[in-house]
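The residues making up each chain are set out below.
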Amino acid sequence: MFRAHRSLVFILCAVLLTISGCASSKVLLRYVPANELPAVQTQHNANVGLVQFTDARSTLILGIDNGKEITPVTNVAAWVTRGLENELVRQGATVEYVLTPNQIASFPTRVTGTISQLKITPLSVAEYRGEMTLSIAVNNGLPTTYKATVIKQGVPYTNIIEPLLAELLQEAITPAVPIILAEK
């Protein structure tokens, strides 16, 4: 009886370990806190209509780490768009976030975008590389492509990925902000 019980417990533990190895690793999509960003030198009075970006990535998975899929908890398109909105507002703009382009037809500055890449690659147990590619169009003009790559190190088995993603987003959107604010 005792041996059967031990065998059953061993089998259940093995099954749980196998299942947990196949599970996904959920990641919260965060933003760099405003107090960690450089001070804004000039406040802009731009009135910007911002359409939620299109997520054109071929997969919703951000990467694979130790056999587990890294997947976001929230919508990547909304996260990227909100990140750009936060930065535009921090720079003094008034921003209207909408879901479709026809909702901002009357705005003096209209912004649309596409996410073509968002990828996390583990380089070691304590180091990850993030890559992001965005295309942003202002006032129905030709889109400009913005690429960012961030490598982040941290203490092994701690949460390195969430701060990496926040930094990666900030790195990708920062060059677009002055171009958006310069449009009239």
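Residues numbered from 1 in each chain as written. Predicted model: local features only at pLDDT ≥ 70, side-chain atom pairs only at ≥ 80, totals over all residues. Heavy atoms only, no water.

Inspection of the secondary structure assignment puts Ser-135 in strand β8 (residues 127–138). Not counting residues up to four positions away in its chain, the partners in contact with Ser-135 are Thr-112, Gly-113, Thr-114, Pro-143, Thr-144 and Thr-145. (Helix = DSSP H or I, 4+ residues; strand = E, 2+ residues; numbered from the N terminus. Contact = heavy atoms within 4.5 Å.)

Glancing now at the nonpolar core. Formed by 40 residues in total, the largest nonpolar core has its most connected members in Leu-84 and Leu-165. Going through the elements one at a time, β2 (47–51), α2 (76–90), β7 (109–124), β8, β9 (144–153), α3 (161–173) and α4 (176–182) are the ones with two or more residues in this core. Among the elements that take part in this core, α3 stands out by supplying 7 residues, more than any other. Not counting residues within four places of it along the chain, the set of residues in contact with Leu-165 comprises Val-27, Leu-29, Leu-62, Trp-79, Leu-118 and Ile-120. (Core = buried A, V, L, I, M, F, W, Y, C linked by side-chain atoms within 4.5 Å. Buried < 20%, exposed > 50% of the residue type's maximum accessible area, 1.4 Å probe, protein only.)

Once that is clear, we can look at the pairing of β8. Judged by how many residues are buried, β8 sits mostly within the fold: 10 of 12 residues are covered. Alignment of β7 against β8, held across 12 bridges, turns out to be antiparallel. Directly across from Gln-117, in β8, lies its bridge partner Thr-133. The hairpin formed by β7 and β8 contains 2 residues between the paired strands. With 10 bridges joining them, β8 and β9 adopt antiparallel strand pairing. In the strand pairing of β9, Thr-133 is matched with Lys-147. Between β8 and β9, which pair antiparallel one after the other, the connecting turn spans 5 residues, and Asn-139 there sits at a positive phi close to 50°. (Pairing = 2+ DSSP bridges.)

The 3 strands lie next to each other as β1-β5-β4, forming an open sheet whose pairing is mixed. In this open sheet, the two strands that pair with only one neighbour each are β1 (25–27) and β4 (63–65). Here the average twist between neighbouring strands, direction ignored, is 35°. Both β4 and strand β5 (residues 68–72) contribute to a ladder of 3 bridges, which runs antiparallel. The partner of Ile-64 across the bridge, within β5, is Glu-69. (Axes fitted to C-alpha atoms, helices over the stretch in contact; angles between N-to-C directions.)

Turning our eyes to something else, we now look at the environment of Ala-78. For Ala-78, the location among the structural elements is in helix α2. As for Ala-78 and Asp-55, which are separated by 23 residues in sequence, their C-alpha atoms are 9.2 Å apart. Filtering out sequence-adjacent residues up to four positions away, Ala-78 remains in contact with Tyr-31, Gln-52 and Tyr-97.

One pass over the structure, following the stated rule, counts 0 aromatic pairs. Lying over the aromatic face of Tyr-97, Arg-82 brings its terminal NZ or CZ to 3.8 Å of the ring centre. (Phe/Tyr/Trp six-rings, centres within 6.5 Å; stacked < 30°, edge-to-face > 60°. Lys NZ or Arg CZ within 6 Å of the ring centre and 35° of its normal.)

Quick look at α3 now. Over its 13 residues, α3 extends 18 Å from the first C-alpha to the last, a length consistent with the 18 Å expected when each residue adds 1.5 Å. Buried residues dominate α3, accounting for 10 of its 13 residues. Of all the residues in α3, the buried ones are Ile-161, Glu-162, Leu-164, Leu-165, Ala-166, Leu-168, Leu-169, Gln-170, Ala-172 and Ile-173. (Expected span 1.5 Å × (residues − 1).)

The values are spatial; any link to function lies outside them.
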